[in-house]
Amino acid sequence: IAGSLPEKIETTIFCGMTPLQATLYGQATDAMGKPVEGSTDRRVTAFETIIRVKQICNHPALGFDSNFDPYTSGKFISLADLARSIDRAGDHLLVFTQFQKMAEPIAIHLQRVMNRPAAVVDGPLSTKKRDQIVAEFQSGQGPGALVLTYEVGGVGLNLTTASNVILFDRPWNRAVEEQAIDRAFR
C-alpha cells in the first residue's frame, strides 16, 4: 500500500508576529530569571519562558483572557490565508495544536474564513461524540476542518478525507509530528 501513496509535500511557513505579540514576547524573555511578582523565592525558569513564548506566538490572549481576536496573531492571519486557499480547492483540513485552549478559537476562526463548519477533537470529548465527528468528517458531509490536540489526534485515527495538515504549533518531537501528519497520509 505504501508504494501507491503519493509523496508527502511539506512546506514550512514562517509567520511574523503582530506588534502586540512582539511586545509580549520581549516582556516574557526579559522576565526570565527574575523573581515572580508577589513571591520572594520563585524565579521565572527557562522552561516556563519557553512555554509562555510559544503561547504568545500562537496568540497573545492564550493564558491571559479569552479575547481571541484573529488579527492580533500572526499565526491566525496566516492560517486564514491557508484555509481560504484550501477551501477554494474544495479540500479538507486538519489543524493540530498542543494547547487545548487553542482548539476552540482556531475552529471558530476556520469556520469564519472557510464558510463551513469546523470541529474540535480534544481530550474532554466523549468517545461517542469523537467517533460521530470523525465519521461525519470522513464521509465528506461533516465539517470541512478538524482541530485536534496532538494527544487525541496522534493515535488511532484515520482521517484520510483531509489532504492538508497544519501543525499550528510544534510539539518539538518529530515522532509526534509524524503521527499527526499521518492521520491524513495513509
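For clarity, every value in this text was computed on a predicted model and none was experimentally measured.

Details of the pattern of salt bridges
Here the idea is simple: oppositely charged side chains can pair when their charged atoms come close. Under the definition given, this model contains 8 salt bridges. Salt-bridge contacts for lysine 8 lead to glutamate 178; the nearest nitrogen and oxygen are separated by 2.8 Å. Of the two residues, lysine 8 is situated in the segment before helix H1 (19-31) and glutamate 178 in helix H7 (residues 174-181); the sequence distance between them amounts to 170 residues. Its relative accessible area of 21% is what places glutamate 178 among the partly exposed residues.

A look at unusual backbone geometry
Although it is not a glycine, asparagine 115 adopts a positive phi angle of roughly 55°. If you trace the backbone, asparagine 115 turns up in the loop between helix H4 (100-114) and strand E2 (118-121). Taking relative accessible area as the criterion, asparagine 115 reaches 67% and is therefore assigned exposed.

Here we look at H1
Taking 1.5 Å of rise per residue, 13 residues should cover 18 Å, and H1 covers 19 Å from first to last C-alpha, within 8% of that figure. What H1 keeps buried is the set Gln21, Leu24 and Ala28. The buried residues of H1 occupy one face: seen down the axis, they fall within an arc of 70°. Facing away from the buried surface of H1 by more than 90 degrees, the exposed residues are Pro19 and Asp30. Summarising the contacts, the buried residues of H1 are in contact with helix H2 (46-58) and helix H3 (74-88). Among the residues trailing H1, glycine 33 stands out with phi positive, at a value near 85°.

What counts, and at which threshold
Residues numbered from 1 in each chain as written. Predicted model: local features only at pLDDT ≥ 70, side-chain atom pairs only at ≥ 80, totals over all residues. Heavy atoms only, no water. Salt bridge = Lys/Arg side-chain N within 4 Å of Asp/Glu carboxyl O. Helix = DSSP H or I, 4+ residues; strand = E, 2+ residues; numbered from the N terminus. Buried < 20%, exposed > 50% of the residue type's maximum accessible area, 1.4 Å probe, protein only. Expected span 1.5 Å × (residues − 1). Arc of directions from axis to C-beta. Contact = heavy atoms within 4.5 Å.

None of this, on its own, says anything about what the molecule does.
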